Amino acid sequence: MSRLRSAMKRVKTGGVEKAETPKPNRKKLKTSVKSEQSSSPLPSSTYHSFPTAAAVAQLRAGLLSWYDSEKRELPWRTLALTEEDVDTRTYAVWVSEIMLQQTQVATVIDYYNRWMKRWPTVPDLAAATLEQVNQMWAGLGYYSRGKRLHEGAQKVVSELHGQMPRTVDSLLKQLPGVGRYTAAAIGSIALGHVTGAVDGNVIRVLCRLRAIGADSTSPVVTEALWELANLLVDRERPGDFNQAMMELGARVCTPKGPLCSQCPIQSHCRSYQKVLIHQENKVKKFQVKSHKSLPDIEDCVNQGTCALCPSEPWDHDLGVQNFPRKPGKKPPRVERTLTCVASRLAGDGERECLLTQRPNKGLLAGLWEFPNRLLEEQRSEEEQKEALCEEMSRIVGTPLTKELLQYVGEVVHIFSHIHQTYVVYSLRLKDGEIQTERGNTQWLSRSALQGAAVSTGVKKIMNLCDPVDCKQDSSLKAGKKLQLAEKKTDKAQKSRRAKPGAAADGRRQLSLSSYFKSVKEESV
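Please read all numbers here as calculations on a predicted model, not as lab measurements.

Rules used in this analysis
Residues numbered from 1 in each chain as written. Predicted model: local features only at pLDDT ≥ 70, side-chain atom pairs only at ≥ 80, totals over all residues. Heavy atoms only, no water. Helix = DSSP H or I, 4+ residues; strand = E, 2+ residues; numbered from the N terminus. Buried < 20%, exposed > 50% of the residue type's maximum accessible area, 1.4 Å probe, protein only. Contact = heavy atoms within 4.5 Å. Areas by Shrake-Rupley, 256 points an atom, 1.4 Å probe, with all protein chains shown as cover. Pairing = 2+ DSSP bridges. Axes fitted to C-alpha atoms, helices over the stretch in contact; angles between N-to-C directions. Parallel < 35°, antiparallel > 145°, perpendicular 65-115°, else oblique. Nonpolar A, V, L, I, M, F, W, Y, C, P; charged D, E, K, R; others polar. Disulfide = S-S within 2.5 Å. Core = buried A, V, L, I, M, F, W, Y, C linked by side-chain atoms within 4.5 Å. Polar contact = N/O pair within 3.5 Å; in protein donor to acceptor, adjacent residues only side chain to side chain. Salt bridge = Lys/Arg side-chain N within 4 Å of Asp/Glu carboxyl O. Phe/Tyr/Trp six-rings, centres within 6.5 Å; stacked < 30°, edge-to-face > 60°. Expected span 1.5 Å × (residues − 1).

Colleague: Please set out the overall build of the protein residue by residue, giving values where relevant.
Modeller: Of regular secondary structure, the protein possesses 18 helices and seven strands. Sorting the 524 residues of the protein into buried and exposed places 45% on the buried side. In the protein, of all internal contacts separated by at least 6 residues, the share reaching a separation of at least 24 is 70%. Surface summary for the protein: the accessible area is close to 28200 Å², and the carbon and sulfur share equals 52%.

What follows is the structure, encoded as structure tokens:
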């Protein structure tokens, strides 16, 4: 490991050097297979690295050729290639990299297009409110990302005079929420800096390429992967090369079911070579009735003491999926939360729901949600339902009883580290029951709620309540119609009884003299 580090030292230093111009080379340069200059030495022990400079050049050429013909057309890639203004270009790539953290490309595209249409420059975003940013981010998850983008834009405008940082180091130090990978990605794609970029996709590709089987989250492996990325990155097209590595991991060298037959750098992959050797050995053992052990693929000379080699044996059933290896995930925390969907009829007849705003720090910071209370194990659900009722009484400013809370159902929502179950109750209020409201509450109609700064969990709860509310509203309307009809009937009957001389069958009742007079006239 020490030899690997020392041999790559100069490569690593060169990997973050400043580009001559802030604008990346937009031409598709043909990468020739040639020897690297002696200024980029390679380690003498190359099992987890590359044997020659020619091998590095071949890998670069094969990967970039594949990328040029197979890459997806994505809006942030288009902006990175066509935007002339360096600040706008850097900002555009920054937004895309933050959105793509823990989120799939297909989900991000629509959010990215709407974001850039509304806030096409850093000053535009800086002038927005956090409420507007949260509203735009709603449904994308990991909401602190949007908040940090907003804070970063305000910092660029107020402290950096509107100019985006120009180096990888300054991107890392000056922008909140930007880590080592994000700074390297922005620096190489938007600014043309020669630096590798290691994200989850790249970790998987590199571990399989060089049979790195130790815990990929450990500091030793992390540093080795960055050294490899800095060694491999193309000096003329660093941004394209880094995107090609990510594209390869996302579409070909996938976590499950990798498409090894379509891989443009298959010949460089030690994991794939190991699979081929195993298949050949099986054929030979079948053809030759001999149980003598056959030679296996080259292994690390330091196996047993190497910090990059796997501690567990190779599993032939997994094939290349033996790598990368990660420690077992910690199971998510299980929570149950009593949630109250309080509603009222607005002046236009549409039903509105009461929402409260979360604190500005922590999970779902600054978003709006239905009033709720985390269930505690040591207390019964009935006791905590009573506590939720007391909280609702405090919010609306009038005494309520827990019998008004009607059970609706449960909604499960999974966060990255929490398995959340919302136990949902409805509370239908009349205007007279609402006395006061706190500053961090608001009433929203169903249509307004869909575009508000709320989480996906809140929308799931609303979807659960909608059929119940519609049924209750229909019953209420039917009841009102029946009451109205009964009132009309009662009014008509009272009106007939009130008129003097009115017969029960509605005909006019005559006086005795009038009766005899009419009879006499008829007889004549």
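Once the structure has been displayed, the description carries forward.
Colleague: So what about the environment of Gly146? Which residues, and what values?
Modeller: In this fold, Gly146 is placed in helix H8 (residues 144-159). Among the residues examined, Gly146 registers a relative accessible area of 0% and is labelled buried. As for Gly146 and Gly177, which are separated by 31 residues in sequence, their C-alpha atoms are 9.6 Å apart. Excluding anything up to four places from it in sequence, Gly146 contacts Val133 and Trp137.

Colleague: Give me the pairing of strand S5 (residues 406-414): which residues, what numbers.
Modeller: Where S5 lies against strand S6 (residues 418-428), eight bridges are found, and the strand directions are antiparallel. In the strand pairing of S6, Val412 is matched with Thr421. Here S5 hands over to S6 after three residues, the two strands then running antiparallel side by side.

Colleague: I'd like to hear about the packing of helix H11 (residues 200-209) against helix H12 (residues 219-232), residue by residue, with values.
Modeller: Relative orientation of the contacting elements H11 and H12 amounts to 85°, with a least axis distance of 10 Å. Taken together, the axes of H11 and H12 are roughly perpendicular relative to one another. Contacts between H11 and H12 involve Ile203, Leu206 and Cys207 from the former and Leu225, Leu228, Ala229 and Leu232 from the latter. The residue inventory of the contact of H11 with H12, partitioned by class, reads seven nonpolar, no polar and no charged.

Colleague: Describe unusual backbone geometry, listing the residues and the values that go with them.
Modeller: The residue after Phe323, namely Pro324, is reached through a cis peptide bond having omega -5°. Here Pro324 shows up in the loop between helix H14 (270-287) and strand S1 (333-345). In this structure, His161 takes a positive phi of about 60° despite not being glycine. If you trace the backbone, His161 turns up in the loop between H8 and helix H9 (168-174).

Colleague: Lay out the state of the cysteines with the relevant residues and their values.
Modeller: Disulfides are covalent bonds that connect the sulfur atoms of two cysteines. Considering all chains together, one arrives at zero disulfides under this definition. Unpaired in this structure, Cys269 has its nearest cysteine sulfur neighbour in Cys260, at a distance of 6.5 Å. In this model Cys389 remains outside any disulfide bridge; the closest cysteine sulfur is found in Cys340, 8.2 Å from its own.

Colleague: Residues and numbers for the nonpolar core, please.
Modeller: Buried together is how nonpolar side chains tend to be arranged in soluble globular proteins. In this structure, Tyr91, Trp94, Met99, Trp115, Leu206 and Phe370 are the most contacted members of the largest nonpolar core, which totals 113 residues. Ignoring any residue separated from it by four or fewer positions in sequence, one finds Leu206 in contact with Ile212, Leu225, Leu228, Ala229, Leu232 and Met245. Core analysis: the second largest hydrophobic core is formed by 18 residues, Ala342, Leu375, Val423 and Tyr425 among them.

Colleague: Break down the side chain of Thr254 for me, citing the residues and quoting the values.
Modeller: With respect to the element layout, Thr254 can be found in the loop between helix H13 (238-251) and H14. A polar contact of 3.0 Å, which involves the side chain of Thr254, links it to the backbone oxygen of Lys256.

Colleague: Mind laying out the pattern of salt bridges, listing which residues take part and the relevant values?
Modeller: Tallying each qualifying case throughout the model produces 16 salt bridges. A salt bridge links Glu352 to Arg344; its shortest N-O distance comes to 3.0 Å. On the basis of relative accessible area, Glu352 is assigned to the buried category, the value being 16%. Each member of the salt-bridge network shares a partner with another, and the members are Arg72, Arg77, Glu247 and Arg251.

Colleague: Kindly report on helix H3 (residues 75-82), identifying the contributing residues and their values.
Modeller: Taken together, the buried positions of H3 are occupied by Pro75, Trp76, Arg77 and Ala80. Its buried side turned inward, H3 meets helix H2 (53-70), helix H4 (86-99), helix H5 (105-118), helix H10 (180-191) and H13.

Colleague: Describe the packing of aromatic side chains, naming the residues involved and giving the relevant values.
Modeller: In the structure shown here, the tally under the stated rule is six aromatic pairs. Within the aromatic cluster, the residues linked to one another by ring pairs are Trp115, Trp119 and Trp137.

Colleague: So what's going on with the environment of Ser343? Which residues, and what values?
Modeller: Among the secondary structure elements, Ser343 is positioned in strand S1. A relative accessible area of 2% places Ser343 in the buried class. Sequence separation between Ser343 and Ser426 is 83 residues; the distance between their C-alpha atoms is 7.7 Å. If we skip the residues at most four places from it in the chain, Ser343 touches Arg351, Glu352, Cys353, Leu427, Arg428, Leu429 and Trp443.

Colleague: Go over H8 with me, naming the residues and quoting the values.
Modeller: The end-to-end C-alpha distance of H8, which contains 16 residues, comes to 21 Å, matching closely the 22 Å that a straight helix rising 1.5 Å per residue would cover. Inspection of H8 places Arg145, Gly146, Lys147, Leu149, His150, Gly152, Ala153 and Val156 among the buried residues, and these make up the whole buried set. Structurally, H8 contributes buried residues whose contacts are with H4, H5, helix H6 (122-127) and helix H7 (130-137).

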